[in-house]
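# Fold and geometry: a report
If you want the building blocks of each chain, they are given just below.
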Amino acid sequence: MRTILQAENLEKVYRVGRVDVPALRGVSLDVHEGEFLAIMGPSGCGKSTMLHLLGGLLTPTSGRIVIDDEDLTAASDARRTDIRRRKIGFVFQRFNLFPTLTAEGNLRLAERIHSANGADDPERRRDVLRLLKLEDKMHHKPLELSGGEQQRVALARAVVTRPALILADEPTGNLDSENSAIVLNMFQELNYRFNQTIIMITHNPEAAAMCRRIIQMRDGRIVEPTASIQV
Amino acid sequence: MDNLITANIRQRPVCSLVSIAGVALGVALVILFTGLSRGMSNDLKRRSQNVRAEIIFAKPGSLQLMSSVTNLDTEYVKEVQQVEGVEAAVPSIRYVSQSGKGFGFEQVEGVDWEPFARMNEMRLVEGRAPQAVDEVVIDERKARDNNLAVGSVINLFGNLPYKVTGIYTPEAGPRVKMSLAAMQDALEAPGKCTWIYIKCRNENEQAQVAQRLSEKFRDFKIQFTRDVFTSVEQSIPFLGLFLKVLVGLAAVVSALVVMLAMYTTITERTREIGILKAMGASRGYIIGVIEKEAILISAIGLVVGFVVALVTGFLIHRVYGLVFEYGWAWALTAAVIGLLGGALGALYPAIRAANLDAVSALSYE
Ligand SMILES: Nc1ncnc2c1ncn2[C@@H]1O[C@H](COP(=O)(O)OP(=O)(O)O)[C@@H](O)[C@H]1O
Ligand SMILES: [Mg+2]
């Protein structure tokens, strides 16, 4: 199976004034195409830092990241942004939709940023909306939608541009259990139907149980390396 | 992208309106002031050019644009007429009074109609020449602008009523004219005038005539009409500079207002900029979003500014009689200032936004 993501010995040290805060202390990880991976671990163990590194929002202090055959760590700032534009879709705990735009507008914005030449992909759009059951929500603004619906719109916005990798940071952290279940179901559907590769940070054991593979982190390290669960 | 831009503008209507008003103000100021200066100076030029007398004969110190001096004896008319080459000599008093509406100046001329009209090839299109001390004639423009007709009454010298007995064309010198005697009477200056218009028998010999005059009248000031009226323009040399300063200030105002608006906008929308970055928007894209918004605001401000300028100019003209003439060059300058000011003002906030750190922008509350 093809390797979509390769992370080698990632280290990240934040500098706060004169103090060095080591957030990652050497993390290596390979992710194959079509994998649905959960990252678990206590607060402050470096999960978000890791996700931001993988998405090119941060640069590691040392180590190497290759996404879909492109070396993220060797790239310039502008190049990293470009790789992110073409290959990564982010989903956040706080949904992060544009409040002034409708669901439709949020999706179109993603499409426009993604396609430099303005070409859109109506077929993909239709498939995504059908899969996420959003067809009749497209003209609503975020504040007119429930939390679960907002997160589904955010998910649609992330996948509509066919990214190689979805990075989700506690996507159900702001949802009640009912909506969590719906949104997790959608992640699973996307993974199953579109063979979408997903890395998801979660605190929720039920959520993690849906994933084919779970990695546990402690104190900037992976402690339970690549224990594969067969579903 | 237009979506995000117009949505942002509508989201913060007060802020957008204030920025639009700021740009509009700058643009309107430029249009109004340049229109006024052009209008007034062209108007003055036209009226001066219609004066056919080649030479103006005065005492030193009386040739001022805003003068109301009567220091010349009308006795000199006879002597001037005897100089070789002089065809006609007509004494005149020019009086500058505060205009009736309290703002701006109104010039009134006391000159005997028949000789003056003959000298300058003017004619009455309606009514008759002024005879009594409370009668005046006005030009067509004045009649149209102030809604006056033969028989109307206008107030001069503060509050004295004068009856309009005729309307003349073409416009030449002050628009309101009464007889010399009436003016002398009003100013209590019998036998006096401000200057004497001199028309030469042969236009091409005006230099020789002027030469003869200055030999005969050593203590007097003999000037060519064309010089007097070009110096009218030159007598306000700061005007050009003033306009340039004004245009510069307008540009700065537009730029500052848009800069402030965009600066607060990006502070309020820090998280949205973080989201754009997470979606892979480049620095250029983010700068583009903010610049487009600023330029849209400036363009609206520009249109509003033009409308405000035209309406205000029209009202000022109606009420105070000031003349506005708008030129394409200045309209273009105002447009460039509005747009460029907005674009430049937004540049700093836009670059700041593009340089934000994505992760901290995303966690901004
Ligand atoms: N911008 C930052 N500056 C300094 N320290 C940070 C910063 N971001 C995270 N950290 C620290 O790095 C460690 C890992 O944080 P994070 O990756 O957010 O953990 P998690 O997502 O697992 O809760 C924590 O100790 C946190 O305090
Ligand atoms: Mg976290």
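Here the structure is a predicted model, which is why all the values come from computation and not from measurement.

## Quick notes on the overall build of chain B
- The secondary structure content of chain B amounts to 13 helices and twelve strands.
- For 365 residues, the compact-globule estimate of 2.2 N^0.38 gives 21 Å, and the C-alpha radius of gyration of chain B, at 30 Å, exceeds that figure by more than 25%.
- Projecting the C-alpha coordinates of chain B onto the three principal axes gives extents of approximately 95 × 45 × 30 Å.
- The 365 residues of chain B split such that 50% are buried.
- Taking contacts inside chain B between residues at least 6 apart in sequence as the whole, the part at least 24 apart equals 80%.
- For chain B, the exposed surface amounts to about 17300 Å²; the carbon and sulfur share of it is 59%.
- Of note, chain B has its 36 positive side-chain charges centred 5 Å away from the centre of its 35 negative side-chain charges.

## Looking at the site of ligand 1
Residue and element names in this part refer to chain A.
- If you check the shell around ligand 1, you find Tyr14, Val16, Ala23, Pro42, Ser43, Gly44, Cys45, Gly46, Lys47, Ser48 and Thr49 and nothing else.
- Between glycine 46 and ligand 1, the recorded distance is 3.1 Å, taken from a backbone N or O atom to an oxygen atom.
- Those elements that provide at least two residues to the shell around ligand 1 are β1 (3-16) and α1 (47-54).
- Examining the composition of the shell around ligand 1, we find that three residues originate from one element, α1, more than from any other.
- Counted by class, the shell around ligand 1 contains five nonpolar, five polar and one charged residues.

## Overview of the environment of Ser363(B)
- On the secondary structure map, Ser363(B) appears in the segment after α13 (358-362).
- Remark: the alpha-carbon pair of Ser363(B) and Arg271(B), spanning 92 residues in sequence, is separated by 6.9 Å.

## With respect to the pairing of strand β8 (residues 160-169) of chain B
Residue and element names in this part refer to chain B.
- Judged by how many residues are buried, β8 sits mostly within the fold: seven of ten residues are covered.
- As defined by bridge partners, strand β5 (residues 123-127) adjoins β8 across four bridges and the pair is classed as antiparallel. From the neighbouring strand, arginine 123 faces β8, where its bridge partner is threonine 169.
- Pairing analysis gives five bridges linking strand β6 (residues 135-139) to β8, with the strands arranged parallel. What sits directly across from valine 136, in β8, is valine 164.
- Summarising the sheet, strand β7 (residues 153-156) and β8 pair through four bridges and their orientation is antiparallel. Considered in β8, the bridge of leucine 156 is made with leucine 160.
- Remark: three residues form the turn of the hairpin made by β7 and β8, two consecutive strands paired antiparallel; phenylalanine 157 in that turn has positive phi of roughly 50 degrees.

## Description of the interface of chain A and chain B
- At the interface, 22 residues of chain A touch 24 residues of chain B.
- Of the roughly 2000 Å² buried between chain A and chain B, counting both surfaces, carbon and sulfur atoms make up 63%.
- Remark: the boundary between chain A and chain B carries one salt bridge.
- For the interface between chain A and chain B, the tally reads three residue pairs in polar contact (both at pLDDT 80 or more).
- Of all the secondary structure elements, the ones that give two or more residues to the side of chain A that touches chain B are α2 (77-87) and α3 (103-114) of chain A.
- It is α3(A) that provides the largest number of residues to the side of chain A that touches chain B, a total of six residues.
- Classifying every residue of the side of chain A that touches chain B gives eleven nonpolar, six polar and five charged.

## Focus on the pattern of salt bridges
- All told, the structure shown has 41 salt bridges over all chains when counted by the stated rule.
- We note a salt bridge from Asp20(A) to Arg15(A), for which the minimum N-O separation is 3.4 Å.
- Taking the shortest distance from any N to any O, the salt bridge between Glu268(B) and Arg12(B) comes out at 3.0 Å. Of this pair, Glu268(B) sits in helix α9 (residues 238-268) while Arg12(B) sits in the loop between α1 (2-11) and α2 (13-49), and the two are 256 residues apart along the sequence.
- By relative accessible area, Arg12(B) is classed as buried at 12%.
- Salt bridges sharing partners connect three or more residues here, namely Arg2(A), Glu33(A), Asp68(A), Asp69(A), Glu70(A), Arg79(A), Asp82(A), Arg85(A), Arg86(A) and Lys87(A).

## Some words on helix α11 (residues 283-320) of chain B
- Between the first and last C-alpha of α11(B) there are 53 Å, a value that for 38 residues agrees with the 56 Å anticipated at 1.5 Å per step.
- Among the residues trailing α11(B), Gly321(B) stands out with phi positive, at a value near 75 degrees.

## Concerning the sheet that holds strand β4 (residues 62-67) of chain A
Residues and elements named next belong to chain A.
- If you trace the four strands from one edge of the open sheet to the other, you get β2-β1-β4-β5, paired in antiparallel fashion. Two strands lie at the open edges of the sheet, namely β2 (19-32) and β5 (70-71), each paired on one side alone.
- Looking at chain direction, β4 and β5 are connected through two bridges and run antiparallel. In the strand pairing of β5, isoleucine 67 is matched with glutamate 70.
- Contacts between α1 and the sheet are confined to β1, β2 and β4, with β1 contributing the most and set at about 120 degrees to the helix.

## A short note on the environment of Ala299(B)
Residue and element names in this part refer to chain B.
- Among the structural elements, alanine 299 can be located in helix α11.
- On the basis of relative accessible area, alanine 299 is assigned to the partly exposed category, the value being 28%.
- Each C-alpha atom, one on alanine 299 and one on asparagine 355, is 26 Å from the other, the two residues being 56 residues apart in sequence.

## Notes on the packing of helix α5 (residues 147-159) of chain A against helix α6 (residues 177-194) of chain A
Residues and elements named next belong to chain A.
- At a minimum axis separation of 9 Å, α5 and α6 run at an interaxial angle of 20 degrees. Accordingly, the angle class assigned to the pair α5 and α6 is roughly parallel. As for how α5 packs across α6, the hand of that crossing is right-handed. Contact with α5, carried on its side by Gly148, Gln151, Arg152, Leu155 and Val159, involves Asn179, Ile182, Val183, Met186, Phe187 and Leu190 of α6 and no other residues of that element.
- Its residues assigned to classes, the contact of α5 with α6 shows seven nonpolar, three polar and one charged.

Calculation criteria
- Residues numbered from 1 in each chain as written.
- Chains lettered and ligands numbered in written order.
- Predicted model: local features only at pLDDT ≥ 70, side-chain atom pairs only at ≥ 80, totals over all residues.
- Heavy atoms only, no water.
- Helix = DSSP H or I, 4+ residues; strand = E, 2+ residues; numbered from the N terminus.
- Rg over C-alpha atoms; globule rule 2.2 N^0.38 Å.
- Buried < 20%, exposed > 50% of the residue type's maximum accessible area, 1.4 Å probe, protein only.
- Contact = heavy atoms within 4.5 Å.
- Areas by Shrake-Rupley, 256 points an atom, 1.4 Å probe, with all protein chains shown as cover.
- Lys, Arg positive; Asp, Glu negative; His and termini not counted.
- Charge placed at Lys NZ, Arg CZ, Asp CG, Glu CD.
- Near = heavy atom within 4 Å.
- Polar contact = N/O pair within 3.5 Å; in protein donor to acceptor, adjacent residues only side chain to side chain.
- Nonpolar A, V, L, I, M, F, W, Y, C, P; charged D, E, K, R; others polar.
- Pairing = 2+ DSSP bridges.
- Buried area = accessible area lost by both parts, 1.4 Å probe.
- Salt bridge = Lys/Arg side-chain N within 4 Å of Asp/Glu carboxyl O.
- Expected span 1.5 Å × (residues − 1).
- Axes fitted to C-alpha atoms, helices over the stretch in contact; angles between N-to-C directions.
- Parallel < 35°, antiparallel > 145°, perpendicular 65-115°, else oblique.
- Left-handed = near helix turned anticlockwise from the far one by under 90°.

Treat this as a map of the structure, not an account of what it does.
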